[in-house]
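Below, each chain spelled out in residue letters.
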Amino acid sequence: MAFKEGFTWGVATSSYQIEGAAYEGGKGLSIWDMFCKQPGKVYGGHTGEVACDHYHLFKDDIKLMKEMGIQAYRFSISWARILPEGTGRVNEKGLNFYSELVNELIANGIEPYVTMFHWDLPYELYKKGGWMNPESPRWFEEYAAVVTAELSDRVQYFITLNEPQCFVGLGHIDGIHAPGLKQSVADTLQMAHHILLAHGRGVKAIRNHAKQEVKVGYAPTASMHYPETDCPQDIKAAKKALFQMPKDLSSNWAWNISWWSDPVFFGKYPEDGIELFGDLMPKIQEGDMEIISQPLDFLGQNIYNGLEVREGKDGEPEFIPRHKGFPKTALGWPITPKALYWGPKFLYERYKKPIYITENGLSCHDVISLDGKVHDPNRIDFLHRYLKELKRTAADGIDIAGYFQWSFMDNFEWHSGYEDRFGLVFVDYQTQKRIVKDSGHWYKEVMETNGKFL
Ligand code: IFM
């Protein structure tokens with residue numbers, strides 16, 4: 001059996017993408033509430049105001065999860081629902097919502113995995129400079145402490161941040177996500193330093209306030225490079241490409257692994273990055289790197305695709321262009337199953353921590369067929385190919401602790417609104433009716449058999 005006994009099979013979502021109830025239950029505003037109000041920022045003018053109405057329908061959703069055989073559910077907390085101003089006043093109704101959600105999960109035999117931050121920063125904190133403010137790590141620490149004190153008697157697994165690459169890269173460099181800014185390299189590096197400090201302070205807060213022994217991790221993302229062939233030269237080139245920083249500042253610097261994970265696991269920024277950024281490096285105070293590199297129990301990695309690499313004539317990694325007609329998802333993302341073999345392998349070799357795949361999945365053009373069902377063979381084929389590769393890496397002895405499919409149900413896909421569907425469960429946004437897609441039934445069998453037939 002390649003997937004170890006006790007392997008965790010789950011699904012993932014995030015607060016703004018599913019909850020709705022944007023102005024209910026005492027919740028404060030988030031940067032996504034404000035971003036969606038701006039004309040032209042989100043496809044079709046869509047917003048997360050109602051989304052999947054999970055805030056009201058969570059019991060039904062959890063019932064469905066149970067029927068689907070889901071063992072673990074990774075969800076995120078809306079910071080502004082807990083602390084409407086970002087710090088200070090606690091909104092008891094918000095805490096109760098998550099407390100009830102956790103109770104319901106446990107009553108249905110589903111293990112909760114809590115992500116503290118999945119992009120919906122309280123707007124009140126943004127007005128104070130958001131992550132640019134040197135106080136922001138303290139704000140996050142306070143918030144993480146409140147959540148942990150409330151939930152950790154029942155929740156054992158916590159994840160600090162989801163995909164800093166995206167909320168910095170898309171939100172503050174490219175400006176296509178909230179808060180929609182295009183900031184300089186120096187500013188975003190300083191911001192990244194605060195975010196890493198927030199992660200470290202968050203880890204400390206979780207451990208200090210936990211009511212039982214907890215497992216704490218982090219969920220970055222990035223493209224997972226993989227070798228063209230199994231020859232040692234190509235493998236070496238792919239691994240080098242995976243962890244190297246961009247060669248110059250012409251591209252979005254945030255889209256890499258090492259700047260976000262080396263400080264967390266090694267307590268230092270990567271040398272090639274320090275060289276690249278030179279005078280633009282953030283201000284690092286004494287003790288910062290120790291805070292950032294708090295011991296973690298696992299690495300959560302979100303993996304969707306990667307680039308193929310070979311050793312070039314000069315001995316350096318060479319990226320191989322994708323051939324004509326390369327398979328892609330509805331969103332246009334390349335389908336590269338090998339990313340789920342080589343990615344975790346390279347990451348494990350470097351960081352030496354048990355790995356959870358905290359997100360993996362695809363968008364498809366799903367529709368309700370004449371028979372009233374949702375047939376999504378492309379999703380089944382995608383997941384089958386990717387999971388086979390994950391199984392191969394587990395069989396090689398890489399410590400893979402779990403896999404969370406993105407996403408449990410169709411939801412608000414950020415600046416693409418509801419145009420794209422990522423769920424195992426179809427959501428009719430007019431009626432809020434859910435229909436388990438063929439892939440949901442297929443995934444049930446995967447979970448039940450611990451991936452035996454893959
Ligand atoms: O929907 C997102 C999620 O919020 C973060 N990771 C990628 C998913 C698909 O784009």
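First things first, this report covers the structure right here in the doc. Because the structure is a prediction, the values reported are computed rather than measured.

Rules and cut-offs
Residues numbered from 1 in each chain as written. Predicted model: local features only at pLDDT ≥ 70, side-chain atom pairs only at ≥ 80, totals over all residues. Heavy atoms only, no water. Helix = DSSP H or I, 4+ residues; strand = E, 2+ residues; numbered from the N terminus. Rg over C-alpha atoms; globule rule 2.2 N^0.38 Å. Buried < 20%, exposed > 50% of the residue type's maximum accessible area, 1.4 Å probe, protein only. Areas by Shrake-Rupley, 256 points an atom, 1.4 Å probe, with all protein chains shown as cover. Lys, Arg positive; Asp, Glu negative; His and termini not counted. Charge placed at Lys NZ, Arg CZ, Asp CG, Glu CD. Pairing = 2+ DSSP bridges. Contact = heavy atoms within 4.5 Å. Axes fitted to C-alpha atoms, helices over the stretch in contact; angles between N-to-C directions. Parallel < 35°, antiparallel > 145°, perpendicular 65-115°, else oblique. Left-handed = near helix turned anticlockwise from the far one by under 90°. Nonpolar A, V, L, I, M, F, W, Y, C, P; charged D, E, K, R; others polar. Salt bridge = Lys/Arg side-chain N within 4 Å of Asp/Glu carboxyl O. Phe/Tyr/Trp six-rings, centres within 6.5 Å; stacked < 30°, edge-to-face > 60°. Lys NZ or Arg CZ within 6 Å of the ring centre and 35° of its normal.

Below, the discussion takes up the overall build of the protein. Helices and strands together make up the secondary structure of the protein, namely 16 helices and 13 strands. Computed over its C-alpha atoms, the radius of gyration of the protein comes to 21 Å, within 12% of the 22 Å expected for a compact globule of 454 residues. Across its three principal directions, the C-alpha atoms of the protein cover 60 × 55 × 45 Å. Counting all 454 residues of the protein, 60% fall into the buried class. When the accessible surface of the protein is split by element, carbon and sulfur atoms take 50% of a total near 17,500 Å². Side chains of the protein carry 49 positive and 60 negative charges; the gap between the two charge centres is 2 Å.

What follows covers the sheet that holds strand β8 (residues 308–311). Strand order across the open sheet formed by 3 strands is β6-β8-β9, with mixed pairing between neighbours. At either end of the open sheet lies a strand with only one pairing partner, and these are β6 (226–227) and β9 (317–319). Of the strand pairs in this sheet, β8 and β9 are connected by 3 bridges, and their pairing is antiparallel. In the sheet register, V309 faces β9, and the bridge partner there is F319. The sheet contacts of helix α10 (residues 232–243) involve β6, β8 and β9, and relative to β8 the element is tilted by about 125°.

Now for helix α11 (residues 258–266). Burial within α11 is extensive, with 8 of its 9 residues counted as buried. Of the positions making up α11, those classed as buried are S258, W259, W260, S261, D262, P263, V264 and F265. After α11 finishes, the residue G267 shows a positive phi value of roughly 75°.

The next subject is the environment of E389. Within the secondary structure layout, E389 lies in helix α15 (residues 377–395). Considered as a pair, E389 and K338 are 51 residues apart in the sequence and their alpha carbons are 6.1 Å apart. Those residues in contact with E389 that lie beyond four places of it in its chain are P337, K338, L340 and Y341.

Attention shifts here to the packing of helix α7 (residues 136–151) against helix α9 (residues 185–209). Packing of α7 against α9 brings their axes to within 8 Å, and their N-to-C directions diverge by 30°. Between α7 and α9, the angle falls in the class roughly parallel. For α7 against α9, the interelement crossing comes out right-handed. From α7, S136, P137, R138, F140, E141, A144, A145, T148 and A149 reach across to α9, where they touch H194, L197, A198, H199, R201, G202, A205, I206 and H209. Of the residues assigned to the contact of α7 with α9, the class counts are 9 nonpolar, 6 polar and 3 charged.

To continue, consider the pattern of salt bridges. Counting across every chain of the model gives 26 salt bridges. Of the charged contacts in the structure, one is a salt bridge between K4 and D399, with a shortest N-O distance of 2.6 Å. With K4 in the segment before β1 (8–12) and D399 in the loop between α15 and β11 (400–406), this residue pair connects regions lying 395 residues apart in the sequence. With a relative accessible area of 39%, K4 lands in the partly exposed category.

Take the packing of aromatic side chains next. Applying the stated criterion across every chain, the model contains 51 aromatic pairs. Pairing W32 with F412 gives two aromatic rings, centres 6.2 Å apart and planes at 80°, and the pair type is edge-to-face. One end of the pair, W32, is in helix α2 (residues 31–37); the other, F412, is in the loop between β11 and β12 (425–428), and 380 residues separate them in sequence. Comparing W32 with F412 shows no difference in burial state: the two are buried. An aromatic cluster is present here, built from Y16, W32, F35, W119, F412, W414, Y418 and Y429 joined pairwise through their rings. In this structure, R322 packs its charged tip against the face of F326, placed 5.5 Å from the ring centre. Here R350 stacks its cationic end above the ring of F243, 4.3 Å away from the centre of that ring.

Around the barrel, 8 strands lie side by side as β1-β2-β3-β4-β5-β7-β10-β11; this closed barrel has parallel pairing. Ignoring which end each strand starts from, the neighbouring axes of this sheet average 25° apart. Summarising the sheet, strand β10 (residues 355–359) and β11 pair through 3 bridges and their orientation is parallel. Paired with I357 across the strands is Y403, a residue of β11. Against the sheet, helix α5 (residues 92–107) engages β2 (72–76) and β3 (111–117), with an angle of about 170° to β2. Across the face of the sheet, α7 comes into contact with β3 and β4 (157–162) while running at roughly 160° to β3.

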